[in-house]
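Summary of the model geometry
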Amino acid sequence: MAPVADLQKNEIREIAVQTERLTMHCRLHGDEEGLPMLLVHGSFGSSRWWEPLFALLPEAIYAVAPDLRGCGESDKPETGYTIAEQAADLWALVDELGWRNFDLVGHASGGAIAIEMALTHPGLLNTLTLVDPAPIEGIFTPLDGILALAEMQKNEALLRQALTLLLPTYDQQMAEHGAFFDQLVLDAQTMAPAAFTAVAESLNQWNRLDDAAQLTLPTLIIWGDQDALVHRDAMTRSLLAIPGANNLDVLRNVGHSPMIEAPLALAERLLEFITEDYAGFEEARVMAARAC
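Scoring rules and cut-offs
- Residues numbered from 1 in each chain as written.
- Predicted model: local features only at pLDDT ≥ 70, side-chain atom pairs only at ≥ 80, totals over all residues.
- Heavy atoms only, no water.
- Helix = DSSP H or I, 4+ residues; strand = E, 2+ residues; numbered from the N terminus.
- Buried < 20%, exposed > 50% of the residue type's maximum accessible area, 1.4 Å probe, protein only.
- Contact = heavy atoms within 4.5 Å.
- Areas by Shrake-Rupley, 256 points an atom, 1.4 Å probe, with all protein chains shown as cover.
- Lys, Arg positive; Asp, Glu negative; His and termini not counted.
- Charge placed at Lys NZ, Arg CZ, Asp CG, Glu CD.
- Pairing = 2+ DSSP bridges.
- Disulfide = S-S within 2.5 Å.
- Phe/Tyr/Trp six-rings, centres within 6.5 Å; stacked < 30°, edge-to-face > 60°.

Let's shift gears to the overall build of the protein chain. Tallying secondary structure elements over the protein chain gives eleven helices and eight strands in all. Projected onto its principal axes, the C-alpha positions of the protein chain cover 55 × 45 × 40 Å. Here the protein chain, with 292 residues, has 55% of them falling under the buried criterion. Considering only residue pairs separated by 6 or more positions, the protein chain has 76% of its internal contacts joining residues 24 or more positions apart. Here the protein chain displays about 12700 Å² of accessible surface, and carbon together with sulfur accounts for 50% of that area. Charge separation in the protein chain, taken as the distance between the mean sites of 17 positive and 42 negative side-chain charges, equals 3 Å.

Following this line, the structure appears as structure tokens:
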């Protein structure tokens, strides 16, 4: 496989996919006959967050990044924002695409959605990658935090401060970076009102710690050591709970959002991970779990 730095940058395309649940806007990259990869953004995000990574992926990876319910250019209903419901949205998208045996990547709260999808549709995925994900036991946001999330709907300064926290090592002073960051802010401002708080409220209730033993497929957990939102001890608990995860890959001097802060490092790790030979991996993991 050629080094990521040597790969040609390819065009990003956009489509709208009508599913039985909602219409989802997606950004696409790569050859449709290539290896399918689904990339799931986190709270206050959209498929645009994956654009820096797309620019570094080879044509042989067919990457699809949807705007989740209430985000970007996807439908913006008032309800349907629990982790389980959004995992069902993803399944409807995958089913419409006709995909089986694909690689799934989830960031932040999108990591919880990816875990939920892996648990509810076992055998569907080749690999699971969790990038600075919500902890396997969920994460509690107190009432004052929920109120602050709601306030961001009308307070741009507060919203910008929150997004800066998600991208602590991203140089917004560079002209190109500043324009991209402004677009991320604009995307967040256009989210459905419910999307500002409902995902956090759902994560208050979501807990898959007891079910994590079912995740025997090859799983990679990536974490930026400057992440102020998800701490390393939470990632360690997720690592120990998921049998298919054999390592916590720490990105030095990177914050909560490696796909924007360090897309090259993330691309290199993703490509190395999904191209490994995992024949017999899940069977071995299941046997080891039974022996314990």
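Bridge analysis of strand S1 (residues 12-18) against strand S2 (residues 23-29) gives seven bridges, and the strand direction is antiparallel. Looking at the pairing, Glu14 lines up with Arg27 of S2. Where S1 folds back onto S2 in an antiparallel hairpin, the turn is made up of four residues.

Where burial is concerned, most of strand S4 (residues 61-66) is hidden: six out of the six residues are buried. Bridge analysis of S2 against S4 gives four bridges, and the strand direction is antiparallel. Looking across to S4, one finds that Cys26 is bridged to Pro66. With four bridges connecting them, strand S3 (residues 35-40) and S4 associate as parallel partners. By the bridge assignment, Leu38 is partnered in S4 with Val64.

Bringing the state of the cysteines into the picture now. The full count for this structure, using the stated rule, is zero disulfides. The thiol of Cys71 is unpaired, and the distance to the nearest cysteine sulfur, on Cys26, comes to 13 Å. The exposure class assigned to Cys71 is buried, which follows from its relative accessible area of 6%.

Turning next to the environment of Pro58. Residue position: Pro58 is located in the loop between helix H1 (51-54) and S4. The sequence separation of Pro58 and Thr219 amounts to 161 residues, and the corresponding C-alpha distance is 21 Å.

With that out of the way, let us pick up unusual backbone geometry. The backbone phi angle of Asn101 is positive, close to 60°, even though this residue is not glycine. Structurally, the position occupied by Asn101 is in the loop between helix H2 (83-97) and strand S5 (102-107). For Asn253, which is not glycine, the phi dihedral falls at a positive 60°. Note on placement: Asn253 falls in the loop between strand S8 (245-251) and helix H9 (258-261). By relative accessible area, which is 59% here, Asn253 ends up exposed.

In this section: the packing of aromatic side chains. One pass over the full model with this rule turns up three aromatic pairs. Seen from their ring centres, Tyr62 and Trp99 are 5.9 Å apart, and the 70° between their planes marks the pair as edge-to-face. One end of the pair, Tyr62, is in strand S4; the other, Trp99, is in the loop between H2 and S5, with 37 residues separating them in the sequence. A single burial state applies to Tyr62 and to Trp99, both of which are buried. With 5.5 Å between their ring centres and 50° between their planes, Trp99 and Phe102 make a pair best called tilted. Judged by relative accessible area, which is 8%, Trp99 ranks as buried. The exposure class assigned to Phe102 is buried, which follows from its relative accessible area of 0%.

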